Amino acid sequence: AKKEIATAADRKALALKDPSSVIVIRRLRLADGTPLALEKVVLIAKCAKVLDEDLENGSLHNALRKIGIQPTLASGWLKARLATSQEAKKLDLPTKSPLLVETRVIEDQDGNQIEHTETAYAANRYVVDIKLNCAPAVIAPFNAAPIDPA
């Protein structure tokens, strides 16, 4: 984890001004020792104290709560693409294997975008379980995503 200058995509997703410093956390997610996903988390600068927490053994969102930032609402998009040779190597997959990629933006308790994450899952090792709310909009109103899906 380290401080970096936000990319254009991160600035758009997090509603940041040019140029902005952000916290970037890159992780290889494992399940029983098997590589499952590559994850890049970008946090706004006010989340910097989260770097003092044990993120290797603990939850990022629990660490954010501990410093007074409540992840509250997430909007996400799924798409498929082929793994680059570098991604395939890290995930122990053949080159150009399919990946399921989730892009997500999370807001805090005040409605501010605090996190922009891309998680690239090995498609042959991951299942998405989806539940849809079919209640009328007056019961469960729909709010549009804060940014356009990539």
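What this report covers is the structure whose coordinates are included nearby. Per chain, the residues get numbers from 1 upward, laid out in the order the sequence is written. Local features in this predicted model are restricted to residues of pLDDT 70 or higher, and side-chain atom pairs are both shown and tallied only at a pLDDT of 80 or more, whereas totals for entire chains, interfaces and linings draw on every residue. The side-chain quantities take in all heavy atoms of the structure and omit both hydrogens and water.

This part covers the overall build of the protein chain. Comment: elements are numbered from the N terminus, with helices defined as DSSP H or I runs of at least four residues and strands as E runs of at least two. The secondary structure content of the protein chain amounts to 3 helices and 6 strands. Burial here depends on accessible area, computed with a 1.4 Å probe over protein chains only, as a share of the maximum for the residue type. Under 20% is buried, over 50% is exposed, and the range in between is partly exposed. Among the 150 residues that make up the protein chain, the fraction classed as buried is 37%. Contacts spanning at least 24 positions in sequence make up 51% of the contacts within the protein chain whose residues lie at least 6 apart. Each accessible area is a Shrake-Rupley result for a 1.4 Å probe, and residues are judged covered by the shown protein chains and nothing else. Accessible surface, the protein chain: about 9,400 Å² in total, of which carbon and sulfur atoms supply 52%. Should any heavy atoms of two residues lie within 4.5 Å, those residues are counted as being in contact.

Most peptide bonds take the trans configuration, and most residues that are not glycine carry a negative phi. Here Asp32, not a glycine, exhibits a phi torsion of approximately 55°, which is positive. Relative to the helices and strands, Asp32 resides in the loop between strand E2 (21–31) and strand E3 (34–44).

In a beta sheet, neighbouring strands pair by backbone hydrogen bonds and run either parallel or antiparallel. At least two DSSP bridges between two strands are required for those strands to pair. The 6 strands lie next to each other as E1-E2-E3-E6-E5-E4, forming an open sheet whose pairing is antiparallel. Of all strands in the sheet, those with a lone pairing partner are strand E1 (2–5) and strand E4 (73–82), marking the two edges. Ignoring which end each strand starts from, the neighbouring axes of this sheet average 25° apart. Here 9 bridges tie strand E5 (residues 98–107) to strand E6 (residues 113–122), and the two strands are oriented antiparallel to one another. In the strand pairing of E6, Leu99 is matched with Ala122. To define axes, lines are fitted to C-alpha atoms, for helices over the stretch in contact only, and angles between the resulting N-to-C directions are given on a 0 to 180 degree scale.

In this section: the packing of aromatic side chains. Two aromatic rings, drawn from Phe, Tyr or Trp (for Trp, its six-membered ring), form a pair once their centres lie within 6.5 Å of each other, and the interplanar angle then sorts them: stacked below 30 degrees, edge-to-face above 60, tilted otherwise. Taken as a whole and assessed by the stated rule, the structure comprises 1 aromatic pair. Plain terms: the ring middles of Tyr121 and Tyr126 are 3.9 Å apart, the flat faces sit at 20° to each other, and that makes the pair stacked. Using a relative accessible area of 31% as the deciding quantity, one classes Tyr126 as partly exposed.

Looking now at a nonpolar patch on the surface. Two distance rules govern patches: like charges are joined within 9 Å, and nonpolar side chains (Val, Leu, Ile, Met, Phe, Trp, Tyr) within 5 Å, applied only to residues with over 30% relative accessible area and no salt bridge. Each reported salt bridge corresponds to a side-chain nitrogen of Lys or Arg within 4 Å of a carboxyl oxygen of Asp or Glu. A cluster of nonpolar residues, Leu78, Tyr126, Val128, Ile130 and Leu132, forms a patch on the protein surface that exposes about 490 Å² of accessible area. Its location among the elements puts Tyr126 in the segment after E6.

For the rest of this paragraph, the subject is the nonpolar core. Ile25, Leu43, Cys47, Val50, Leu60, Leu64 and Ile114 are the most contacted members of the largest nonpolar core, which totals 19 residues. Listed by contribution, the elements that provide at least two residues to this core are E2, E3 and helix H2 (60–66). Those residues in contact with Leu64 that lie beyond four places of it in its chain are Leu43, Cys47, Val50, Ile69, Pro71, Ile114 and Glu115. Definition used in this section: a nonpolar core is a set of buried Ala, Val, Leu, Ile, Met, Phe, Trp, Tyr and Cys residues joined via side-chain atoms within 4.5 Å.

Another aspect to go through is the pattern of salt bridges. A complete count under the given rule lists 13 salt bridges for this structure. With a shortest N-O distance of 3.1 Å, Glu4 and Arg26 are connected by a salt bridge. Taken as a pair, Glu4 in strand E1 and Arg26 in strand E2 lie far apart in primary sequence, 22 residues in all. Judged by its relative accessible area of 51%, Arg26 falls in the exposed class. Linked through salt bridges whose partners overlap, the residues forming this network are Arg27, Arg29, Glu39, Glu102 and Arg104.

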